[in-house]
Amino acid sequence: MSGIADFTVAAADGAPVDLGGYAGRVLLIVNTASKCGFTPQYEGLEALHRRYEAQGLTVIGFPCNQFGAQEPGDAIEIANFCSLTYDVTFPVMAKVEVNGDGADPLFQWLKAQAPGVLGTKAIKWNFTKFLVDRSGKVVGRYAPTTEPEDLAKDIEGLL
């Protein structure tokens, strides 16, 4: 795989989503969870999405239940939670695994393109963020503790 456009992921309803459809956009890809201490970051992610969407940013959430079983719901429960609690309008895809043998190919690729601290590839927790430029190249990986608004300058530099 040479870029983000080479991947197809599953929407919350299971339908295939060709990430090539986001060609030319800046993407912020985040593994999310509804019952995590970082869950309030949905608010900041939505704020970024709304602030920069017209300029070319799309935030994409990928629910994951691998960290403390903090995303136990099914697709409908997750969608309802995101919509009703945080008024999320950015795409939230089907639940995925981000580590281990069952890791989604997209996340395998993201981790290889942007290793973590000391070159580790494993994602440590929910709300790890990957920033992808308009050409489909991963240009940043951010820890769960990095607040979404702290990415504004990096995003602006890519728009």
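See the structure printed just above.
Conventions and cut-offs
- Residues numbered from 1 in each chain as written.
- Predicted model: local features only at pLDDT ≥ 70, side-chain atom pairs only at ≥ 80, totals over all residues.
- Heavy atoms only, no water.
- Phe/Tyr/Trp six-rings, centres within 6.5 Å; stacked < 30°, edge-to-face > 60°.
- Helix = DSSP H or I, 4+ residues; strand = E, 2+ residues; numbered from the N terminus.
- Buried < 20%, exposed > 50% of the residue type's maximum accessible area, 1.4 Å probe, protein only.
- Expected span 1.5 Å × (residues − 1).
- Arc of directions from axis to C-beta.
- Contact = heavy atoms within 4.5 Å.

Draft legend 1. Examining the packing of aromatic side chains more closely. Following the criterion strictly, the structure yields nine aromatic pairs and no others. Seen in terms of ring centroids, Phe62 and Phe107 are 5.3 Å apart; in terms of plane orientation they differ by 80°. Their pairing is edge-to-face. Placement of Phe62 in strand β4 (residues 57-63) and of Phe107 in helix α3 (residues 105-113) is noted, with a sequence separation of 45 residues between them. Just as Phe62 is buried, Phe107 falls in that class too. Taken together, Tyr42, Phe81, Tyr86, Phe90 and Phe127 form an aromatic cluster joined through their ring pairs.

Draft legend 2. Quick look at helix α2 (residues 75-86). Here α2 is 12 residues long and its end C-alpha atoms lie 16 Å apart, about the 16 Å a rise of 1.5 Å per residue gives. Within the sequence span of α2, burial applies to Ile78, Cys82 and Tyr86. Considered in projection along α2, the buried side chains sweep an arc of 30° and stay on one side of the axis. The exposed residues of α2 that point more than 90 degrees off its buried face are Ile76 and Leu84. Check the buried side of α2 and you find it contacts α1 (41-52) and β4. Phi for Asp87, located one or two positions after α2, is positive at around 50°.

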